[in-house]
2 protein chains.
Amino acid sequence: MPKVVDPEERRASVAAAVWRVVRRSGLDGVSVRTVAAEAGLSAGSLRHYFATQAELLAFAMQLVADRVRARVDAIGPGPDPVTTVRRVIDELLPLDPERRAEAEVWLAFTTRAQVDPALRALRDASYDALEGLCADLVDALAPEHPHRAAEIERLYSLIDGLVLHAVMRPDRATPELMGAVVDRHLAELGQ
Amino acid sequence: MPKVVDPEERRASVAAAVWRVVRRSGLDGVSVRTVAAEAGLSAGSLRHYFATQAELLAFAMQLVADRVRARVDAIGPGPDPVTTVRRVIDELLPLDPERRAEAEVWLAFTTRAQVDPALRALRDASYDALEGLCADLVDALAPEHPHRAAEIERLYSLIDGLVLHAVMRPDRATPELMGAVVDRHLAELGQ
């Protein structure tokens, strides 16, 4: 009797393999062949789930978005608004190896989406979701802020800049420095 | 008599061709063959200046850094520190098509540098230069700030986040919104 494989589990393990290939070789390194080898599958078996490189990439990018969303949704209210907002932002920043991997993969996808229409809709949906989240955070700390639109973009840009820096220069943009930057920002915003 | 070609001029026109290919097809599209075609040269003629894709990419990335640096160096002192700092930051942000092209190319190189050691030294040198520039800006507006390190990283992350957003979503991160964000930030920093 053939082994029964949970399709969801199989897809998740394939996505993890895509991430490892992206982090090691960039998106150029992703193909049905290289990912199959990384996941310990035959190329034919992998094609059963993902027929093309584009499908592999879109799935792996969606997984980043889903994971971040699940972590943010799991955050309960903190003792005060600043603490709650800080906890949400911590889930977006690459403060540990797992979140650093997500950030590296996200940056690679984001760049590829510039020239790959198949990834752009997914990239834009993530952008909108994060912008909406930043709007919620600004409203939580500074209800009816007179410069609301600018403050939302300021917070969102700050977070994405920190993510970019932590990926590029983990030696400079350390978790401690990122935390200090976010604390300064939230203290001013909540004044 | 063969036409005399200024080598510097030739290299600059090749770099411009690299930029156009990067913006249209991503870094994957850059090769001696595609860039030669874009620049209207034979591949043999191009190889006289750049033997490999890596040399082409490094030269085009260096050109972005040189152009930004030249524009920043040309800024004279404004009527007050906030105006001067704002003028410097304006040269870093993709507020017009030329600076948007630079930003797109810079983002593509930055991402490639994650997996290409040949580009990493150049990327890290640019990072250090911009971090130093942000330190100068913070010192100009808020001398001996008690949270100097965090404020430098906060300003630098904010700028890079705005650049990233303007490249990804020019419809959302408009020049007007970017300007409003920077104004808010500098007003608070200079308080």
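Calculation notes
- Residues numbered from 1 in each chain as written.
- Chains lettered and ligands numbered in written order.
- Predicted model: local features only at pLDDT ≥ 70, side-chain atom pairs only at ≥ 80, totals over all residues.
- Heavy atoms only, no water.
- Axes fitted to C-alpha atoms, helices over the stretch in contact; angles between N-to-C directions.
- Helix = DSSP H or I, 4+ residues; strand = E, 2+ residues; numbered from the N terminus.
- Parallel < 35°, antiparallel > 145°, perpendicular 65-115°, else oblique.
- Contact = heavy atoms within 4.5 Å.
- Nonpolar A, V, L, I, M, F, W, Y, C, P; charged D, E, K, R; others polar.
- Salt bridge = Lys/Arg side-chain N within 4 Å of Asp/Glu carboxyl O.
- Buried < 20%, exposed > 50% of the residue type's maximum accessible area, 1.4 Å probe, protein only.

Another aspect to go through is the packing of helix 8 (residues 148-168) of chain A against helix 8 (residues 148-168) of chain B. It is the contact of helix 8 of chain A with helix 8 of chain B, at a shortest axis distance of 6 Å, that shows an interaxial angle of 100°. By the angle class used here, helix 8 of chain A and helix 8 of chain B are roughly perpendicular. In this structure, helix 8 of chain A uses A:E153, A:R154, A:Y156, A:S157, A:L158, A:D160, A:G161, A:L162, A:L164 and A:H165 to contact helix 8 of chain B, whose residues at the interface are B:E153, B:R154, B:Y156, B:S157, B:L158, B:D160, B:G161, B:L162, B:L164 and B:H165. Counted by class, the contact of helix 8 of chain A with helix 8 of chain B contains 8 nonpolar, 6 polar and 6 charged residues.

If you walk through the whole model with that rule in mind, you get 48 salt bridges over all chains. With a closest N to O distance of 3.7 Å, A:R71 and A:E98 form a salt bridge. Of the two residues, A:R71 is situated in helix 4 (residues 53-73) and A:E98 in helix 6 (residues 97-113); the sequence distance between them amounts to 27 residues. Owing to a relative accessible area of 41%, A:E98 belongs among the partly exposed residues under this scheme. The salt bridge involving B:E104 is made with B:R23; its shortest N-O contact spans 3.1 Å. Taken together, the residues span a long stretch of sequence, with B:E104 in helix 6 (residues 97-113) and B:R23 in helix 1 (residues 7-25) at a distance of 81 residues. On the basis of relative accessible area, B:R23 is assigned to the partly exposed category, the value being 35%. Salt bridges here are not isolated pairs; linked through shared partners, they connect A:R67, A:R71, A:E91, A:D96, A:E98, A:R99 and A:E102.

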